[in-house]
Amino acid sequence: MKREKSSLLDGLVQKTEHLIKKIKNTKWLRTLPVYEIERAEERYQIMAENGWLLKKQGSSWERYERGTPQKLRYRIEYSQVKAIDGIQEMTDEQVDFYADCGWELVSERRGVYVFCAPAEAEPIELYSEPKEQIRMLRSVHNYIGGIGLCVASSLVGRWVADIWTDGTDFFSLATLYAGDWLILFSIAALVYVVWDMCYGYYRCHLLVRRVKKGKTLHHTPEEKKSKHLVGKAIKSFLGISLLITIVGSIVLIVGRDKEKLPESGEGIPYLLAGEVYEGERTDKNIFGRGEKNEVTHTKGILAEYYHTTEYLIKDDDFVSLDQNLYILRSQKRAISLADSLLEQSLFGSDDGKVFEHPFFDYVVEGRYTMVAVKGNMVIGITCISSDALREGWMTVLEVLAKKWD
Amino acid sequence: MAETPPMTEAMYYILLSLEQPVHGYGMMQRIRELSHDRVKMGPGTLYGVLTRMRHDGWIEQIEAEGDARRKTYVLTACGRRELLAEYHRLQKMVNDGAFLEERDR
């Protein structure tokens with residue numbers, strides 16, 4: 001038994017040592033954008049001279065492993081990209097062909113191939129004719145342009161449609177719900193993506209233009225001179241803004257103000273199930289979700305938001321009340337938000353029945369959900385109970401009218 | 001029928017090197033020999049031109065004996081016609097400018 005324990009421990013120690021060795025002999029660097037061909041080739045060369053050899057390239061990170069310092073030449077090649085067919089992977093034949101000429105494939109990822117050859121062997125450059133190199137660069141151009149156009153048009157189109165139609169749908173609900181940080185995040189992400197695509201497209205265009213003039217790419221570090229400092233600075237600034245807003249959004253979501261529901265409904269703008277139905281609060285709920293008799297409060301630019309979940313039990317009767325209350329900064333979008341709340345509700349319906357109430361501006365009911373609007377206040381309540389709903393809703397509205405009056 | 005535009009240097013030498021079936025690397029060596037070390041064609045350039053010529057039916061690919069992975073290229077009848085046409089075009093151009101040498105003498 002002791003011997004078994006000892007061999008198990010030895011195995012564990014060996015594995016840990018192996019892991020530590022592996023970590024020590026591995027380095028990760030951020031992958032450079034596709035248009036930074038010269039910078040990437042230079043980086044691989046310098047890394048190899050310092051004993052770090054490129055092993056794998058991902059879309060975000062590239063992995064280097066420790067090896068013998070050596071002078072290597074790296075060249076990046078892109079496979080053909082066509083607007084309709086998408087990326088056409090490089091054939092084995094082409095890879096073998098390059099290998100015959102001394103260029104070994106080191107890493108590949110979706111259309112981007114890195115080849116390497118010992119500098120001493122003085123391998124022939126991949127491209128001896130600029131016209132052929134233009135074809136390769138144009139495929140990068142198409143790649144960035146195609147992706148950029150799709151992303152930018154979908155994002156911008158989405159925003160424009162939202163503003164024009166004045167609709168408050170799921171996207172708007174999300175921004176209302178998460179508050180300021182998510183709005184900033186969406187704006188930063190949109191600006192970053194659009195800028196990155198435009199900048200990449202412009203940089204590729206410059207490369208194509210240069211090669212068109214008969215000038216080759218600067219493959220050696222000595223020849224390379226760093227330009228485009230303003231573009232890089234803008235990109236870095238946008239990248240940092242995006243990072244800050246991501247962190248902000250996470251902090252906001254994790255640290256959202258979540259409290260147990262109060263016992264009394266006095267002085268609170270939202271409804272308590274106990275104000276309408278009889279019964280004791282219970283932690284057991286029929287949906288099995290984690291939320292139990294809690295209220296979440298968020299303050300955003302567009303709205304102050306409360307979300308409650310509450311469960312009551314009396315004998316065999318069960319009441320589940322889920323509530324979203326928005327106190328909007330402007331009442332302009334209140335009605336469209338109300339309709340959207342009903343549509344988005346799991347227990348609501350698309351064709352709600354509107355009914356009149358002397359206090360409320362707008363009341364609509366669909367299946368188990370009722371939405372009411374008064375000025376800039378919009379409330380959506382989903383209530384699952386054995387009571388007759390319409391009568392239940394009338395009581396709910398009376399209680400709310402008293403609270404909001 | 002539209003006239004074929006003049007060939008690039010790379011196209012001309014690739015077709016020239018395919019007088020006999022040859023694989024990619026052999027083609028590069030052959031081009032160096034034919035051009036007396038003047039044209040050192042890169043594999044990227046060579047492969048791009050080969051792909052287009054194959055698409056146009058000027059050359060075709062056959063499997064090399066004993067090595068299924070390594071592909072060998074040969075000239076088609078159409079490719080030979082195009083090569084000859086280009087050769088005659090170049091020859092005519094040289095003849096047309098022959099007086100330059102006589103004037104220099």
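Sequence order sets the numbering: in each chain, residues are counted from 1 along the sequence as written. Labels follow written order: the first chain is A, the first ligand is 1, and so on. Only residues with pLDDT of at least 70 are given local features in this predicted model, and only at 80 or more are side-chain atom pairs given and counted; all residues enter the totals for whole chains, interfaces and linings. Only hydrogens and water are set aside when side-chain values are computed; all heavy atoms of the structure are taken into account.

Draft legend 1. Just the overall build of chain A, in detail. Regarding its fold elements, chain A presents 9 helices and 17 strands. Here chain A, with 405 residues, has 43% of them falling under the buried criterion. Taken as a whole, chain A presents about 22,700 Å² of accessible surface, with 57% of it coming from carbon and sulfur. Only DSSP runs of H or I with at least four residues qualify as helices, and only runs of E with at least two residues qualify as strands; both kinds are numbered from the N terminus onward. Classification of residues uses two cut-offs on accessible area relative to the type maximum, computed with a 1.4 Å probe and protein chains only: under 20% is buried, over 50% is exposed, and between them is partly exposed. Method for areas: the Shrake-Rupley scheme with a 1.4 Å probe, in which residue coverage is limited to the protein chains shown.

Draft legend 2. Highlighting the pattern of salt bridges. Residues and elements named next belong to chain A. By convention in these notes, a salt bridge is any Lys or Arg side-chain nitrogen within 4 Å of a carboxyl oxygen on Asp or Glu. Applying the stated criterion across every chain, the model contains 16 salt bridges over all chains. Between Glu125 and Arg75 there is a salt bridge whose closest N-O contact spans 2.6 Å. Of this pair, Glu125 sits in the loop between strand 8 (112–118) and helix 4 (130–165) while Arg75 sits in strand 4 (residues 72–78), placing them 50 residues apart in sequence. Here Glu263 and Arg281 are joined by a salt bridge, their closest N and O atoms 3.6 Å apart. Of the two residues, Glu263 sits in the loop between strand 9 (257–260) and strand 10 (280–281) while Arg281 sits in strand 10, which places them 18 residues apart along the sequence. Linked through salt bridges whose partners overlap, the residues forming this network are Glu36, Arg39 and Arg203.

Draft legend 3. The interface of chain A and chain B, seen in detail. It only takes one pair of heavy atoms within 4.5 Å for two residues to be counted as in contact. Contact with chain A, which involves 20 residues of that partner, is made by 25 residues of chain B. Throughout, the accessible surface (probe 1.4 Å) given up by two parts as they are put together, summed over both, is called the buried area. Roughly 1,800 Å² of surface becomes buried between chain A and chain B when both sides are summed, with 55% attributable to carbon and sulfur atoms. Considering only the surface of chain A that becomes buried against chain B, A:Glu93, A:Phe97 and A:Ile124 emerge as the three largest contributors, covering 34% of it. With its nearest N and O atoms 3.8 Å apart, the salt bridge here joins A:Glu93 to B:Arg54. In the analysis that follows, any N or O atom pair within 3.5 Å is treated as a polar contact, provided that within protein one partner can donate a hydrogen and the other can accept it, and provided that, for residues neighboring in sequence, both atoms belong to side chains. Our count for the chain A to chain B interface comes out at 6 residue pairs in polar contact (both at pLDDT 80 or more). Mapped onto the side of chain A that touches chain B, the elements with two or more residues apiece are helix 3 (92–100) and helix 4 of chain A. Counting residues per element, the side of chain A that touches chain B draws most heavily on helix 3 of chain A, which supplies 7 residues. For the side of chain A that touches chain B, the class distribution of residues is 7 nonpolar, 3 polar and 10 charged. Each residue gets one of three labels, nonpolar for Ala, Val, Leu, Ile, Met, Phe, Trp, Tyr, Cys and Pro, charged for Asp, Glu, Lys and Arg, and polar for the others, Gly among them.

Draft legend 4. Looking closely at the environment of A:Lys258. All names here are of chain A. One can find Lys258 in strand 9. The exposure class assigned to Lys258 is exposed, which follows from its relative accessible area of 51%. With 50 residues separating them along the chain, Lys258 and Thr308 place their C-alpha atoms 9.6 Å apart. Each residue touching Lys258, except ones within four places of it in the same chain, is listed here: Glu294, Val295 and Thr296.

Draft legend 5. Region of interest: the side chain of A:Asp322. Within the element layout of this structure, A:Asp322 appears in strand 13 (residues 317–328). Within the structure, A:Asp322 has its side chain in polar contact with the side chain of A:His307 (distance 3.4 Å).

Draft legend 6. The arrangement of the packing of helix 1 (residues 9–17) of chain B against helix 2 (residues 24–34) of chain B in detail. Residue and element names in this part refer to chain B. Look at helix 1 against helix 2: their axes get within 9 Å of each other, and the N-to-C directions meet at 105°. It follows from the interaxial angle that helix 1 and helix 2 lie roughly perpendicular. The segment helix 1 lies against helix 2, with Tyr13, Ile14, Leu16 and Ser17 engaging Met27, Arg30, Ile31 and Leu34. Here the residues of the contact of helix 1 with helix 2 are counted per class, giving 6 nonpolar, 1 polar and 1 charged. Axes, fitted as lines to C-alpha atoms, cover a helix only where it is in contact. Angles between the N-to-C directions of the axes lie from 0 to 180 degrees. Comment on the angle field: the value is read as roughly parallel under 35 degrees, roughly antiparallel over 145, roughly perpendicular from 65 to 115, and oblique elsewhere.

Draft legend 7. Local environment of unusual backbone geometry. Residues and elements named next belong to chain B. For His36, which is not glycine, the phi dihedral falls at a positive 55°. Mapped onto the secondary structure, His36 falls in the loop between helix 2 and helix 3 (43–56). Residue His36 is classed as exposed on the basis of its relative accessible area, which comes to 71%. Of note, Asp37 is a non-glycine position whose phi angle comes to about 70°, a positive value. Checked against the element boundaries, Asp37 lands in the loop between helix 2 and helix 3. Here Asp37 falls in the partly exposed class, since its relative accessible area comes to 45%.

Draft legend 8. Broad picture of the packing of aromatic side chains. Residue and element names in this part refer to chain A. Each Phe, Tyr or Trp ring, with Trp reduced to its six-membered ring, pairs with another whose centre is within 6.5 Å; inter-plane angles below 30 degrees give stacked pairs, above 60 give edge-to-face pairs, and intermediate values give tilted ones. The tally for this structure, following the rule as stated, stands at 9 aromatic pairs over all chains. Centroid distance Tyr44 to Tyr64: 6.5 Å. Interplanar angle 50°. Geometry classified as tilted. Pair noted here: Tyr44 is in helix 2 (residues 37–49) and Tyr64 is in strand 3 (residues 61–66), with a separation of 20 residues, a long-range link. The burial state of Tyr44 is the same as that of Tyr64; both residues are buried. Where Tyr44 meets Tyr74, the ring centres are 5.5 Å apart and the plane angle is 65°; that geometry is what we call edge-to-face. Of this pair, Tyr44 sits in helix 2 while Tyr74 sits in strand 4, placing them 30 residues apart in sequence. An identical accessibility class is assigned to Tyr44 and Tyr74; each is buried. Here the aromatic cluster, defined as three or more aromatic residues joined through ring pairs, consists of Tyr44, Tyr64 and Tyr74. Two limits define a charge over a ring: the Lys NZ or Arg CZ must be within 6 Å of the ring centre, and within 35 degrees of the ring normal. Taking NZ or CZ as reference, Arg30 lies 5.3 Å from the ring centre of Trp61, over its face. Its end group placed over the ring of Phe359, Lys374 keeps NZ or CZ at 4.5 Å from the ring centre.

Draft legend 9. Expanded view of the sheet that holds strand 4 of chain A. All names here are of chain A. Strand order across the open sheet formed by 3 strands is 4-8-7, with antiparallel pairing between neighbours. Looking at the sheet topology across the chains shown, the edges are occupied by strand 4 and strand 7 (104–109). This sheet shows a mean twist of 20° between the axes of neighbouring strands, independent of strand direction. Relative to strand 8, strand 7 runs antiparallel, the two being bridged by 5 bridges. Following the sheet pairing, Glu104 is matched in strand 8 by Cys116. At least two DSSP bridges between two strands are needed for those strands to be called paired.

Draft legend 10. Inspection of the packing of helix 1 of chain B against helix 3 of chain B at higher detail. Residue and element names in this part refer to chain B. Look at helix 1 against helix 3: their axes get within 10 Å of each other, and the N-to-C directions meet at 75°. Comparing the axis directions of helix 1 and helix 3 gives the class roughly perpendicular. Contact residues: helix 1 offers Ala10, Met11, Ile14 and Leu15, while helix 3 offers Thr45, Leu46, Val49, Leu50 and Met53.

Draft legend 11. Representation of the sheet that holds strand 1 (residues 26–30) of chain A in the model. All names here are of chain A. Sheet architecture is open: 3 strands sit in the order 1-3-2, paired in antiparallel fashion. Lying at the two open borders of the sheet, with one neighbouring strand each, are strand 1 and strand 2 (52–57). Strand after strand, the sheet turns through a mean of 30° between neighbouring axes, direction not considered. As judged from the 5 bridges shared by strand 2 and strand 3, these two strands associate in the antiparallel manner. Note on strand 3: the bridge partner recorded for Leu54 is Tyr64.

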